[in-house]
Amino acid sequence: MDENKAYFDNISGMASESGSQADGQPGAVQGQFIEPWQPVQAPGEEKGSGKGLFFGGVITGLAGALLVVAICYLGFYIQGLVEFQEDTSNQISYKEDSALSERTVSKLQTLESTINNSFFLGDVTKEQLQDGMYRGMLASLGDPYSEYYSAEELNAILEQTEGIYYGIGAYIGLDTVTSLPKISGTIAGAPSEEADLRANDLIYEVDGVSTYGMTLTEVVAMIKGEENTEVKLTIIREGASDYLEVPVTRRRVESPTVEYAMLENNMAYIQVTEFEDVTVTQFQNALVKARSEGMKGMILDLRANPGGSLNAVVEMARMLLPKGMVVYTEDKNGKRTEYSCDGANKLEVPLVVLVDMNSASASEIMAGAIKDYGIGTLVGTTTFGKGIVQQIIPFRDGSAIKLTISAYYTPNGNNIHGIGIEPDVLCEFDGEAYYGSEDRPDNQLEKAKEVLAELMSK
C-alpha cells in the first residue's frame, strides 16, 4: 500500500459535489479512498407519471449487469485494451484464461451482433459497448465504492485534486435510505450556497434526468459543466411538501479545505472540509497561526467532511496525537499496514471535535483516533460509518478502476463500518433556526464552545 497515494472518500462528492466530492470525487492515480457512500434502497415516493419507485429501472439494471459482466470478459480477453498491474509495480499482467470457453465467447459475440442488428433506439459504437462491459464488471461486485473510470473521468478526478473546477461548489454523497445522491455540504460563497442548497438535500434529478442507480461519478459529471451555464436540480428536502426545482449557474470554484478563526477567550476554530494533499499545509499553517495568536483551546470542525487522502489525514493527525497508532488497515489476506505517530507535536491545549452524519471516512479516522486517545471531546451526532478503503488502479489506455481493497481500524482496534462514531456530547443541528435566519445561528458550534470553555477552566 502506497501511503502517499491513499484515499479515503465520500464520496461524500466533493463527489466532494469525495468520499465525500466537490462537483467531483477526490482521487489520485493509484490512490486509496475511504468514501462515505453506501448501497441504498429505491425511494418510495412518486413524482408525476412514471417516476418514483424505479421498478423498471431496477429490473433493467439487473439484466444489464448480467450482460455487461459477461461482455466485460470479452473486452478484457479479446480487445486487449487494458492491462492490469503487477504486484511489485502495480502492473498486473492479464493473460488469456484458458478456462474461458468458446461457448462463452460465442454467446458474447452473438449478443453484440444482436444489439447491432436489432437495437431500435440508435446506433451503438464498439467503444460504447466496451465501456459498458468494463462498468458492468465492476457493477457486478455489488459494491457501491468500486467503479470503472474512463480516461476522461479519471482526468476529471485528477483535476479535482487541484482544487479548481467548474461546477456548483457542493459536496455530494449517497443517501443510504433512498439510493439517491445528496448534498452533504456546500462551499462558502459558491453557487450552491447562493442557490440555498442545503446539507441532506436529496438530488432526485439533474436537468430532468433521474439520478437513481447512477454512480456519484456519473451524477457529478452531469452537474459539472462549462462556466456560466445553468444546471437544474430537482431536490427532495425534508419538511418540504413537494419537490424543489433549483436552477444553479456553474462557475469557477476554488475549493478551500481549511478555514481558521480565533474566537472569544482564545478559542481557535479550524474547519476542515476535506482531506487532500493541499490540506496538510493549510492545516499546519492554521495551527501555527493559532499558536502565535495565543490559542488556549481548539475546536476542530469535521462536519460535512466526506473524507479524502489517507496520507493527508495521517500527516494531520501527527500534528495532534500522542505517540502511538493513528490507524491500521487489513486486506483480504490479513496483511496489516500500520500508520503511527511519534508524538512530537502532541496538542497541548483542550480540544473539541465537531462531527455529524456527513463526517465520513478520513474524518472518522481523525475523530476515532482523537476519541481513542482521549485527547478531545466529540460534539454533535453519530458519524457516517465508513470503515473500508478503496484504491485507484490505472491502466495503460488511460482508464482506471477504483476497488475496495481493505478495512481500516482505529487505534483501539474498532472498525466503524456501518456503525459510525458516537459523540461524547450529543447535539442535534437546529436546521430550522440556521436556515430561518440571516444570522445563521449554529447551535452545534455554540455547544462546542460551551464544552471547550469547561475544559479550559479545569
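This is a predicted model, so every value here is computed, not measured.

Visitor: Break down the packing of aromatic side chains for me, with residues and values.
Guide: On inspection of all chains with the given rule, the structure shows 5 aromatic pairs. The interplanar angle of 50° and the centroid separation of 5.3 Å between the aromatic rings of Y134 and Y148 together place this pair among those described as tilted. Here Y134 is found in helix α3 (residues 126–139), whereas its partner Y148 is found in strand β3 (residues 147–149), with 14 residues between them in sequence. Y148 shares its class with Y134; the two are buried. With centroids separated by 5.0 Å and ring planes inclined at 85°, the aromatic side chains of Y434 and Y435 adopt a geometry described as edge-to-face. With relative accessibility at 24%, the residue Y435 sits in the partly exposed group. In textbook terms, an aromatic cluster arises when at least three aromatic residues are bridged by ring pairs, as seen for F429, Y434 and Y435. In this structure, R336 packs its charged tip against the face of Y328, placed 3.6 Å from the ring centre. Sitting above the plane of the Y145 ring, K386 keeps its charged end 4.1 Å from the centroid.

Visitor: Tell me about the nonpolar core, and please be specific about residues and values.
Guide: By size, the foremost hydrophobic cluster in this structure holds 44 residues, and its most contacted members are F283, M298, L300 and M366. For this core, the secondary-structure elements that each account for two or more residues are β13 (267–272), α7 (277–292), β14 (297–301), α8 (310–317), β16 (324–331), β17 (336–341), β18 (351–355) and α9 (362–373). Apart from the residues within four sequence positions on either side, F283 is in contact with V258, I270, V272, L300, M316, M319 and L320.

Basis of the calculations
Residues numbered from 1 in each chain as written. Predicted model: local features only at pLDDT ≥ 70, side-chain atom pairs only at ≥ 80, totals over all residues. Heavy atoms only, no water. Phe/Tyr/Trp six-rings, centres within 6.5 Å; stacked < 30°, edge-to-face > 60°. Helix = DSSP H or I, 4+ residues; strand = E, 2+ residues; numbered from the N terminus. Buried < 20%, exposed > 50% of the residue type's maximum accessible area, 1.4 Å probe, protein only. Lys NZ or Arg CZ within 6 Å of the ring centre and 35° of its normal. Core = buried A, V, L, I, M, F, W, Y, C linked by side-chain atoms within 4.5 Å. Contact = heavy atoms within 4.5 Å.

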